[in-house]
Amino acid sequence: MLALLMTLAGVAPPDQDLACRPTASDVRAAGGEACARAWMDVSLRMNDLTAVGTHNSYKLAIPPMELAVLIAANPGATSLDYSHPPLAVQLDAGARQIEIDVLHDPQGGRYARPRSVLGGEAPVDDAFRQALSTPGFKTLHIPDVDYRSSCLTFVACLGEIRDWSRAHPDHAPILIMLNAKTGQAALPGGAAPLDFDAAAWDALDAEIRSVFDAASLITPDQVRGPHPTLRQGVLAGGWPSLGQARGKVFFALDEGPEKVAAYAAGRPSLQGRAMFVNTDEASPAAAYLTLNDPVAQQDRIRAAVRQGFIVRTRADSDTEEARSADRTRRRAAFSSGAQYVSTDYMLPDPRFPAYQVRLADGAAAACNPVRVEGRCEGRAVEMIETPASGRP
């Protein structure tokens, strides 16, 4: 069908015209951009890409007075001194990986009245209180300490991504990573995050599917295909082609073994689940890995990518690289071949203008240097349409 459509359009099918291949010395002269795009959509799979994403993508800044109190109590709180613009602005600027923290709140209201590090109850507006009073998963970093979010509910965050995706149907596949927050209260009298039980995991999948229909989602069932395990499906090339994955999203639960096992319980190779999970390369459910240290884990990342797994790594953490303008980790992240490189500085912080993490030449996604070596490495498969905006 593709060959017929291309012939009717006056473009030779990629398999019949080697000049269409991006290995040509000048692909623009040898078939043009339409031919190169068609070749990539058919010949590349979604794990053959490299893209940049953001860490805790919803996070707004902590006010200076509160941050100063936190740092005085614990100097490590400088790690909280970053923020991001709204999700649509990040997507416009080229982010193709979004990270969202979710907190279980089936009754609603658990996080609606945050405490303040300055003492007493934090001043929040009616919109905040109303959003956090509704039942369902909430999106914030640390209750009572770092609770300001550009989208306060999980469904609201997903709705922003969905609306942007519908307006840009040719975008490269977007990875949406989730952290399921649990633990103790951060302040005396504050709200302790609820644990995730079986009902919570099912509800989380249900909220995903309430926003993204089946045609918009790439799921473990699709990648596993006819194979007994998800890992076997991945090793057999089960990821969709780039053309099939354009305009779609996929989810990964970025958690440790205990939560991953709870999410996957009774679901061999994640059958029927909406999300992939962070696991190791030998697991029957292996498809996605979080390997956040591209310096120490360089060899492991490259090996996993070559096998066919999708990997997310980080170009920076805890604001350290931006403050020192240290690009060592950023270089390692891109050379590792990880498909998604996460940063807090896709848009530069005016305080640290020398540090930024972007793909070259206005690309939102490019051919992966490890997966497609010798074919089209570095070539853009999606360009940014809108110039990058400033930070909030």
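Quick look at the structure, then. These numbers were taken from a predicted model, which means no experiment stands behind them.

**A short note on a nonpolar patch on the surface**
Move 1: On the surface, a nonpolar cluster with roughly 290 Å² of combined accessible area is contributed by Met65, Val69 and Leu118.
Move 2: Residue position: Met65 is located in helix 3 (residues 64-73).
Move 3: Taking relative accessible area as the criterion, Met65 reaches 59% and is therefore assigned exposed.

**A look at helix 12 (residues 298-307)**
Move 1: Among the residues of helix 12, Gln298, Ile301, Ala304 and Val305 are the ones counted as buried. An end-on view of helix 12 places all buried positions within 135° of arc, on one side of the element.
Move 2: Where helix 12 is buried, its residues contact strand 7 (310-314) and helix 14 (328-336).
Move 3: Remark: Gly308 follows helix 12 within two positions and exhibits a positive phi of approximately 120°.

**Quick notes on the packing of helix 6 (residues 154-167) against helix 7 (residues 198-211)**
Working note: a packed helix pair is described by the angle between its axes plus the distance between those axes.
Move 1: Relative orientation of the contacting elements helix 6 and helix 7 amounts to 35°, with a least axis distance of 9 Å. Between helix 6 and helix 7 lies a crossing whose hand is right-handed. Seen from helix 6, the contacting residues are Phe154, Val155, Leu158, Gly159 and Arg162; seen from helix 7, they are Leu204, Glu207, Ile208, Ser210 and Val211.
Move 2: Counted by class, the contact of helix 6 with helix 7 contains 6 nonpolar, 2 polar and 2 charged residues.

**A short note on the sheet that holds strand 6 (residues 288-290)**
Move 1: The strand order across the open sheet built from 6 strands is 6-7-8-1-9-10, with neighbouring strands paired in mixed fashion. Across the chains shown, the open sheet's two edge strands, defined by having one partner strand only, are strand 6 and strand 10 (380-383). Looking at each pair of strands side by side, their axes are set apart by 20° on average, direction ignored.
Move 2: Where strand 7 lies against strand 8 (residues 340-343), 3 bridges are found, and the strand directions are parallel. Within the sheet, the bridge partner assigned to Arg314 lies in strand 8 and is Ser342.
Move 3: In the packing of helix 14 onto the sheet, contacts are made with strand 1 (49-54), strand 7 and strand 8, and the angle to strand 7 comes to roughly 175°.

**Description of the state of the cysteines**
Move 1: Under the definition given, this model contains 2 disulfides.
Move 2: Each sulfur of the disulfide joining Cys151 and Cys157 lies 2.1 Å from the other. Between Cys151 and Cys157, the disulfide has an S-S torsion of 95° and is therefore right-handed. The exposure classification of Cys151 matches that of Cys157, with both residues buried.
Move 3: Two residues share a disulfide in this structure: Cys367 and Cys376, whose sulfurs sit 2.3 Å from each other.

How each quantity is defined
Residues numbered from 1 in each chain as written. Predicted model: local features only at pLDDT ≥ 70, side-chain atom pairs only at ≥ 80, totals over all residues. Heavy atoms only, no water. Patch = residues over 30% accessible without salt bridge, like charges linked within 9 Å, V, L, I, M, F, W, Y side chains within 5 Å. Areas by Shrake-Rupley, 256 points an atom, 1.4 Å probe, with all protein chains shown as cover. Salt bridge = Lys/Arg side-chain N within 4 Å of Asp/Glu carboxyl O. Helix = DSSP H or I, 4+ residues; strand = E, 2+ residues; numbered from the N terminus. Buried < 20%, exposed > 50% of the residue type's maximum accessible area, 1.4 Å probe, protein only. Arc of directions from axis to C-beta. Contact = heavy atoms within 4.5 Å. Axes fitted to C-alpha atoms, helices over the stretch in contact; angles between N-to-C directions. Left-handed = near helix turned anticlockwise from the far one by under 90°. Nonpolar A, V, L, I, M, F, W, Y, C, P; charged D, E, K, R; others polar. Pairing = 2+ DSSP bridges. Disulfide = S-S within 2.5 Å.

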